[in-house]
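# Chains, contacts and geometry: an overview
Take a look at the letters that make up each chain.
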Amino acid sequence: MTKNALLRGCAALSIWAGSALVMQAAPIIFTLESSSQITSSTTGVGNYIQYTDASGFVVTATAWYAPDAAGALTAAKLSRYSGGLGVCSETDRCSSPNHAVDNNGGKDFVLFTFSGYADPYKMTIGWSQTDADVQYWVGSLSNPSLQGLLIGNLASQGFTNFDVNEGSGNRTFDLLGGAGFSLLVSGQLDESNDYFKIQKLKLIPTDPPQEAPEPATIGLVGASMLGLVWARRKRR
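Residues numbered from 1 in each chain as written. Predicted model: local features only at pLDDT ≥ 70, side-chain atom pairs only at ≥ 80, totals over all residues. Heavy atoms only, no water.

### Quick word on the overall build of the chain
- In terms of regular secondary structure, the chain is built from two helices and 14 strands.
- Across the 236 residues of the chain, 45% fall into the buried class.
- Restricting the contact set of the chain to residue pairs at least 6 apart, pairs at least 24 apart contribute 76%. (Helix = DSSP H or I, 4+ residues; strand = E, 2+ residues; numbered from the N terminus. Buried < 20%, exposed > 50% of the residue type's maximum accessible area, 1.4 Å probe, protein only. Contact = heavy atoms within 4.5 Å.)

In structure tokens, the structure reads:
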């Protein structure tokens, strides 16, 4: 093996080892209170609202409700209002301010599922009352199943609880936790005075991370290449 051949092999190995890097597209802003990006929508309990960006990326929003922080999730009604998306359960009957995402007398959730892998990195609250602490989870599954799921078992559907953004009033804030196929949003589960509507969601479509070779594997390949060089030289 020549020196140049060895260098080419090492370069190829470096590219292989860097295969976990991902490519990112331009950021997308979904204005959830607007009808301009909506491609489909239904009404009533268990409905959905689907938003499609000009690039073809799709976000589908659904509403969920649980009687308490330890309860099981069931489908609710998702609606658009001035200020953003809100949730109506069979319990609150959409009375003001309970048509918002709230945690008083039960826990409301909005689930956003993405047509591809993406980093949801910012959210805007367009309406709020009393407090407006936002708790959220990023999901690794493209089609999580929430019906009848206990809140405490969200991890079984690929959700990781990343943070609570504590605050009051309308605001835009960063969503931590990286990328996934879905985002689940609620008021802070251990409180009961949060009321807000979700006005905007900003995300960056990106390629799912690929599994990088383990260091031991890289070492074995490197050792094999060096062994070939040594064997070739011995035969000269």
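### Overview of the pattern of salt bridges
- According to the stated counting rule, one finds one salt bridge in the structure shown.
- Here Asp174 ties to Lys122 by a salt bridge, and the two come within 2.5 Å at their closest N and O atoms. A residue pair is termed long-range when its members are at least 10 positions apart, and Asp174 in strand E12 (residues 171-174) and Lys122 in strand E9 (residues 107-130) qualify at 52 residues.
- Lys122 sits in the partly exposed class, given a relative accessible area of 25%. (Salt bridge = Lys/Arg side-chain N within 4 Å of Asp/Glu carboxyl O.)

### Thoughts on the environment of Thr74
- When you line up the elements, Thr74 lands in strand E5 (residues 74-75).
- Linking Thr74 and Ser89, residues 15 residues apart in sequence, is a C-alpha distance of 9.0 Å.
- Side chain to side chain, Thr74 and Gln147 meet in a polar contact 3.2 Å long. (Polar contact = N/O pair within 3.5 Å; in protein donor to acceptor, adjacent residues only side chain to side chain.)

### Side note on the pairing of strand E2 (residues 38-41)
- Relative to strand E3 (residues 48-52), E2 runs antiparallel, the two sharing three bridges. Bridging across to E3, Ser40 finds its partner in Gln50.
- Joining the antiparallel neighbours E2 and E3 is a turn of six residues, in which Gly44 adopts a positive phi near 90°. (Pairing = 2+ DSSP bridges.)

### Quick notes on the packing of aromatic side chains
- Summed over all chains, the structure comprises three aromatic pairs.
- The interplanar angle of 40° and the centroid separation of 5.9 Å between the aromatic rings of Phe109 and Trp137 together place this pair among those described as tilted. A residue pair is termed long-range when its members are at least 10 positions apart, and Phe109 in strand E9 and Trp137 in strand E10 (residues 134-139) qualify at 28 residues. For the pair Phe109 and Trp137, one class covers both residues: buried.
- For Lys197, the ring lying beneath its charged end belongs to Trp127, and the centroid distance is 4.6 Å. (Phe/Tyr/Trp six-rings, centres within 6.5 Å; stacked < 30°, edge-to-face > 60°. Lys NZ or Arg CZ within 6 Å of the ring centre and 35° of its normal.)

### As for the environment of Tyr136
- When you line up the elements, Tyr136 lands in strand E10.
- What makes Tyr136 buried here is its relative accessible area of 0%.
- The residues touching Tyr136, leaving out its near neighbours within four places in the chain, are Thr160, Asn161, Phe162, Asp163, Asp174, Leu175, Leu176, Leu183, Leu184 and Val185.
- Within the structure, the side chain of Tyr136 is placed 2.8 Å from the backbone nitrogen of Leu176, a separation counted as a polar contact.

Function cannot be inferred from these measures alone, as they are strictly geometric.
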